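# Descriptive analysis of the structure
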Amino acid sequence: MRLKTFSPSDVAGKKVLVRVDFNVPLAGGKVSDDTRIKAHLPTLTALREAGAKIALVSHLGRPKGTVNLKYTLEPVGEELAKLTGWTVRFVPDCIGEKVDEAVAEWKDGEVLLLENVRFHPEEEKNDTDFAKKLVKDFDVFVMDAFSAAHRAHASTRAAAELIPSFCGKLIEREITMLSAARDNPKKPFVLILGGAKVSDKIAVVENMLKKADTILIGGGMAFTFLKAQGLEIGKSLCETEKLDFAGKMLEEAKTLGVKIVLPADAVVAPEFKADAPSNVVPADAIPQDQMGLDIGPQTAEIFTKEILSAKTVLWNGPMGVFEMPAFAKGTEAVAKALADATAKGALTVVGGGDSAAAIALFKMEDKVSHVSTGGGASLEFFEGKSLPGIEPYVIG
Ligand code: ADP
Ligand code: MG
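All values derive from a computational prediction rather than experimental measurement.

Moving on: the sheet that holds strand β8 (residues 165-167). In sheet architecture, strand pairing relies on hydrogen bonds along the backbone and comes in two forms, parallel and antiparallel. Read across the sheet, 6 strands follow the order β5-β6-β4-β1-β7-β8 without closing on themselves; strand pairing throughout is parallel. Edge positions in the sheet fall to β5 (88-91) and β8, since each has one partner strand and no second. Ignoring strand direction, the axes of neighbouring strands in this sheet form an average angle of 25°. Note: strand β4 (residues 53-57) against strand β6 (residues 111-114), 2 bridges, orientation parallel. Counterpart to Ala-55 in the pairing with β6 is Leu-112. Helix α5 (residues 97-104) rests against β1 (15-19), β5 and β6 of the sheet, and its axis sits at about 155° to β5.

Set out below in structure tokens:
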């Protein structure tokens, strides 16, 4: 997929409005994780080096179209200034007089950070008149918020239709890496699926089934598949209404020659609790009063072997309840296997918000080829959907 990106001559001397995703976690009025801010620095630096003046617009949380200072971007501006040493001026609205004033007084090198775009109800309605107000003071629009690109909002979509627009470097990298896995994976291609629910991943399975050589299934969703094969799963997560789907998918995979690997063992506990007493049992011997909260060590070993034999690995969904240390080992083993496969030359891509959180928790995010910054956006991409925030820039 080729994208319309900016070159220095497109932005030199221009006033550029950049849609970023600064929807960062805050604690005690300060940014507690700056990953999302850092992800935009390549774009922001390239624009500045090309001689553009940049103003940043973002959402934060869900203020639902009203001004709620709990969701102000002001502390994010402080963090950006601290990270980069740039002069960042916070503008307490994203449209209207306050923006006009700041733009009129705009000094070279100064970065404007506009207030939360979701303080206006028109934003989430993809309202063109509102988008006109957003871009009014600017010459060029740059979309860099990959993680908001699955939403058609005024600042992610409508704005792109109004002034010369380009996508930024974060989006370029995301689309390059995600499409390398989704569209032309080098074989063997191993797809790893996990997470809580089958229903969240059905569209991904449907889109990717024909492309994968091997699919490893862990997490809560594995139990619906085990049950579809006739096993007893005790108190484990089960989506009864998805048993048919799971059964059909196992059949279809067989017809297509796609190898599906389900857990051979599981870590079980009597309840969903961090300190519940846990045990490892074979997948065909899960006691009635227990629930599976992680893949077992034998499964981790089997999955690792499969991952190490791959040239492309795409991972979406944790193998267990990794938030609780007692049930994190399976997810950690898979993260480690991805890191080792990467070292051997495989392309390894991680999508999904919780999967990204897990790989960061195990400090392996720099040891894989790519960890997507877009939870929902990456999921929709793997479902084969076109993302409304990206569409305006696709040129082939
Ligand atoms: P992602 O955000 O990476 O797409 P999901 O949102 O689909 O992943 O799933 C993540 C959640 O799945 C985690 O919160 C994890 O605790 C939960 N989970 C994983 N395995 C199990 C399990 N066996 N039982 C219950 N929940 C599970
Ligand atoms: Mg999730």
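Further remarks concern the pattern of salt bridges. Under the counting rule described, the total for this entry stands at 15 salt bridges. Between Lys-38 and Asp-34 there is a salt bridge, with its nearest N and O atoms 3.5 Å apart. Looking at Asp-34, the relative accessible area reads 19%, which means it is buried. Salt bridges sharing common partners tie together Asp-100, Lys-136 and Asp-137.

Of all the 8 residues making up helix α9 (residues 221-228), 6 are buried; the element is thus mostly covered by neighbouring parts of the structure. Within the span of α9, buried status applies to Met-221, Ala-222, Phe-223, Thr-224, Phe-225 and Leu-226. Where the residues of α9 are buried, they touch β9 (189-193), β10 (214-217), α10 (243-256), β12 (265-269) and β14 (291-295). Just beyond α9, the residue with positive phi is Gly-230, at close to 95°.

This brings us to the site of ligand 1. Looking at ligand 1, there are 20 residues lining it, with Lys-201, Gly-292, Glu-323, Asp-354 and Ser-355 nearest. Between Lys-201 and ligand 1, the recorded distance is 2.8 Å, taken from a side-chain N or O atom to an oxygen atom. For ligand 1, whose accessible area on its own is 580 Å², the fraction buried by protein is 86%. Those elements giving two or more residues to the shell around ligand 1 turn out to be β14 and α13 (353-361). The element best represented in the shell around ligand 1 is α13, accounting for 3 residues. Partitioned by chemical class, the residues of the shell around ligand 1 number 7 nonpolar, 10 polar and 3 charged.

Once that is clear, we can look at α5. Looking only at α5, the buried set comprises Val-99, Ala-102 and Val-103. Buried residues of α5, viewed axially, fall in a sector of 100°; they line one side. For α5, exposure combined with an orientation more than 90 degrees from the buried face picks out Glu-97 and Ala-104. Turning to α5, the residues buried within the fold contact β1, β5 and β6.

To continue, consider the environment of Ala-341. Secondary-structure assignment places Ala-341 in helix α12 (residues 329-343). The sequence separation of Ala-341 and Pro-164 amounts to 177 residues, and the corresponding C-alpha distance is 41 Å. Not counting residues within four places of it along the chain, the set of residues in contact with Ala-341 comprises Ile-307, Leu-308, Ala-346 and Thr-348.

Next up on the list: the nonpolar core. Ile-215 and Phe-225 are the most contacted members of the largest nonpolar core, which totals 74 residues. With residues near it in sequence (within four places) discarded, Phe-225 still touches Val-198, Ile-217, Ala-246, Met-249, Leu-250 and Leu-262.

This paragraph deals with the sheet that holds strand β13 (residues 279-282). The strand order across the open sheet formed by 3 strands is β13-β12-β14, and the pairing between neighbours is antiparallel. The two strands at the open ends of the sheet, each matched to only one other strand, are β13 and β14. For this sheet the average axis-to-axis angle between neighbouring strands, irrespective of direction, equals 45°. Relative to β14, β12 is paired through 4 bridges, and the arrangement is antiparallel. Residue pairing across strands places Val-268 opposite Gly-292, the latter belonging to β14.

All right, on to the packing of aromatic side chains then. In total, this model carries 2 aromatic pairs according to the counting rule given. Between Phe-381 and Phe-382 the ring centres are 6.3 Å apart and the planes differ by 75°, which places this aromatic pair in the edge-to-face class. In this structure Phe-382 comes out as buried when scored by relative accessible area, which is 1%. The lysine or arginine in question, Arg-48, covers the ring of Trp-86, its NZ or CZ lying 4.2 Å from the ring centre. Sitting over the ring of Phe-6, Lys-169 keeps its end group 5.6 Å from the ring centre.

Another point: the side chain of Thr-72. Tracing the backbone through its elements, the reader meets Thr-72 in the loop between β4 and α4 (74-84). Within polar-contact distance, the side chain of Thr-72 engages the backbone nitrogen of Glu-74 at 3.2 Å. Here the side chain of Thr-72 touches Glu-115 through a polar contact of 2.7 Å, side chain to side chain. Residues in contact with Thr-72, not counting those within four places in the same chain, are Leu-26, Leu-60, Phe-90, Glu-115 and Phe-119.

Further remarks concern the domain arrangement of the protein. In terms of domain boundaries, the protein breaks down into domain 1 (2-170) and domain 2 (177-382). Every contact between the two is made by 6 residues of domain 1 and, on the other side, 8 residues of domain 2. Across the interface of domain 1 and domain 2, roughly 550 Å² is buried in total on both sides, 69% from carbon and sulfur atoms. Taken as a group, Phe-146, Ser-147 and His-150 account for 77% of the area that domain 1 buries against domain 2, more than any other trio of residues on that side. Across the contact surface, domain 1 and domain 2 share 0 salt bridges. At the surface where domain 1 touches domain 2, the tally comes to 1 residue pair in polar contact (both at pLDDT 80 or more).

What counts and how
- Residues numbered from 1 in each chain as written.
- Chains lettered and ligands numbered in written order.
- Predicted model: local features only at pLDDT ≥ 70, side-chain atom pairs only at ≥ 80, totals over all residues.
- Heavy atoms only, no water.
- Pairing = 2+ DSSP bridges.
- Helix = DSSP H or I, 4+ residues; strand = E, 2+ residues; numbered from the N terminus.
- Axes fitted to C-alpha atoms, helices over the stretch in contact; angles between N-to-C directions.
- Contact = heavy atoms within 4.5 Å.
- Salt bridge = Lys/Arg side-chain N within 4 Å of Asp/Glu carboxyl O.
- Buried < 20%, exposed > 50% of the residue type's maximum accessible area, 1.4 Å probe, protein only.
- Near = heavy atom within 4 Å.
- Polar contact = N/O pair within 3.5 Å; in protein donor to acceptor, adjacent residues only side chain to side chain.
- Areas by Shrake-Rupley, 256 points an atom, 1.4 Å probe, with all protein chains shown as cover.
- Nonpolar A, V, L, I, M, F, W, Y, C, P; charged D, E, K, R; others polar.
- Arc of directions from axis to C-beta.
- Core = buried A, V, L, I, M, F, W, Y, C linked by side-chain atoms within 4.5 Å.
- Phe/Tyr/Trp six-rings, centres within 6.5 Å; stacked < 30°, edge-to-face > 60°.
- Lys NZ or Arg CZ within 6 Å of the ring centre and 35° of its normal.
- Domains from an automatic or database assignment.
- Buried area = accessible area lost by both parts, 1.4 Å probe.

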